[in-house]
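Examination of the molecular architecture
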Amino acid sequence: MAANSNRPALIALTALAPISWGSTYAVTTEFLPADRPLFTAVMRALPAGLLLLALARVLPRGIWWGKAAVLGALNIGAFFPLLFLSAYRLPGGMAAVVGSIGPLFVAGLSVLLLGDRPTLRTLLTGIAAALGVSLVVLRAAGALDLVGVLAALASTASMSTGTVLTKRWRRPDGVGPLALTAWQLTAGGLLIAPVALLVEGAPPALDSRAVGGYLYLALANTAVAYWLWFRGIGRLTATQVTFLGPLSPLTATVIGWAALGQALTPVQLAGMALAFGATVFGQLKPRKAVGAGVTVRGSFSSTEGNAQKDSMDVTVPALRR
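I will try to describe carefully the structure that is included in this document. (Residues numbered from 1 in each chain as written. Predicted model: local features only at pLDDT ≥ 70, side-chain atom pairs only at ≥ 80, totals over all residues. Heavy atoms only, no water.)

**Remarks on the overall build of the protein**
In terms of regular secondary structure, the protein is built from 14 helices and two strands. Burial status across the protein gives 52% buried among its 321 residues. Here the protein has roughly 13,700 Å² of accessible surface; of this, 69% comes from carbon and sulfur atoms. (Helix = DSSP H or I, 4+ residues; strand = E, 2+ residues; numbered from the N terminus. Buried < 20%, exposed > 50% of the residue type's maximum accessible area, 1.4 Å probe, protein only. Areas by Shrake-Rupley, 256 points an atom, 1.4 Å probe, with all protein chains shown as cover.)

Okay, here's the thing in structure tokens:
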């Protein structure tokens, strides 16, 4: 009973992660240096990881050195650069649309890695969520860039694989979500840092606005948000975590309307309602059918939640998570 009574609060806290990621686009465009996505990725991941590592004061042991490196590469190190590449090469919102199919990626990966069988209910809810996000963020603008599309698909696959493996491997005995988050952010940041230096050169000069923006991204948007996300992965069903992902582009849309003066059309409002409805529906456990004294198990997919990776905004491609 206690676990059931705490479940809504746990879902609400986990939902704060994708809601926070939805603010990334506005912070990036309004506060940070232009055209430095890899440097921004490093500044978000590495300081946050080192801070959490100092707080957790726990290092991986044995096989977990390798597992932490794999999870860090999938969830952070590969995901960020691929997402940024797609965001700069695709027309408005397409990266967000590709990212919104994460629940369907997760459903397929869960068959292979977790042995779970997704239900028709899960698949239909995932399609509804992707359709809703598409109505909100997608505005056709010329021919699609093949490299951008492949990068968006790869970023979605990377994060989906990382979250499913996080569910499969769980955590070592005696290690909490804070330490697991620290390991992944640190590993991912260390992986991106040399790439950023080679591709973008020396770090840019930062003014007070940029410093404030990076502090927000590193602390609230990354350290706290990722801790809440991985904590949720460990305690909620994977399907519930998966369907929190659309809250990221929805939040970006609301911020764009409220703070950046972007208009919302009736079609976008309908898409927001559809995506939010799918998110809520994805949190509900199917009822157990009872008949003639026999309880029939209601099957529910245990797929891991795709962090809808920084899908953002109405008119621009989804940027960094």
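**Here we look at the side chain of S158**
Within the secondary structure layout, S158 lies in helix α9 (residues 146–169). Ignoring anything within four residues of it in the chain, the contact list for S158 reads A73, L74, A78 and F79. (Contact = heavy atoms within 4.5 Å.)

**Some details on helix α13 (residues 247–258)**
For α13, which comprises twelve residues, the first-to-last C-alpha distance of 16 Å matches the rise-based estimate of 16 Å (1.5 Å per residue) to within 8%. Of the positions making up α13, those classed as buried are L247, S248, P249, L250, T251, A252, T253 and G256. (Expected span 1.5 Å × (residues − 1).)

**Considerations on the pattern of salt bridges**
Applying the stated rule across the entire model yields one salt bridge. In this structure, E200 engages R36 in a salt bridge whose closest nitrogen and oxygen atoms are separated by 3.4 Å. Highlighted residues: E200 in helix α10 (residues 177–200) and R36 in the loop between α2 (24–31) and α3 (37–56), separated in sequence by 164 residues. For E200, a relative accessible area of 17% gives the class buried. (Salt bridge = Lys/Arg side-chain N within 4 Å of Asp/Glu carboxyl O.)

**Comments concerning the packing of helix α4 (residues 64–77) against α9**
Between α4 and α9, the least distance of the axes is 7 Å, while the angle of their chain directions is 150°. For the pair α4 and α9, the sense of crossing is left-handed. Between α4 and α9, the contacting residues are W64, K67, V70, L71, A73, L74 and N75 on the first element and S158, M159, T161, G162, T163, L165, T166 and W169 on the second. Broken down by class, the residue content of the contact of α4 with α9 amounts to eight nonpolar, six polar and one charged. (Axes fitted to C-alpha atoms, helices over the stretch in contact; angles between N-to-C directions. Left-handed = near helix turned anticlockwise from the far one by under 90°. Nonpolar A, V, L, I, M, F, W, Y, C, P; charged D, E, K, R; others polar.)

**Some remarks on the nonpolar core**
I76, F80, I192, Y226 and W229 are the most contacted members of the largest nonpolar core, which has 32 residues in total. Contributing elements (two or more residues each) for this core: α1 (2–21), α3, α5 (79–89), α10 and α11 (208–235). Tallying contributions element by element places α3 first for this core, with seven residues. Setting aside residues no more than four positions away along its own chain, I192 makes contact with L38, A41, V42, I76, G77, F80 and P81. Counting ten residues, the second-largest nonpolar core is a separate cluster that includes A56, A68, L165 and V175. (Core = buried A, V, L, I, M, F, W, Y, C linked by side-chain atoms within 4.5 Å.)

**Observations concerning the environment of T161**
Position of T161 relative to the elements: it lies in helix α9. Sequence spacing of T161 and N75 is 86 residues, and the spatial spacing of their C-alpha atoms is 8.2 Å. Setting aside residues no more than four positions away along its own chain, T161 makes contact with L74 and L109.

**A few points about the side chain of T24**
Its location among the elements puts T24 in helix α2. For T24, the side chain forms a polar contact with the main-chain oxygen of W21, separated by 2.9 Å. (Polar contact = N/O pair within 3.5 Å; in protein donor to acceptor, adjacent residues only side chain to side chain.)

**Digging into the environment of L165**
Note on placement: L165 falls in helix α9. Along the sequence, L165 and L109 sit 56 residues apart, while their C-alpha atoms lie 9.3 Å from each other. Residues within four places of L165 in sequence aside, it is in contact with V70, L71, L74, L113 and R170.

**What to know about the packing of α13 against helix α14 (residues 266–281)**
Two elements in contact, α13 and α14, have axes separated by 10 Å at closest approach and are oriented at 145°. Both α13 and α14 take part in a crossing whose hand is left-handed. On the side of α13, the interface is formed by L247, L250, T253 and V254, while α14 contributes M272, A275, F276 and T279. Residue classes in the contact of α13 with α14 are distributed as six nonpolar, two polar and no charged.

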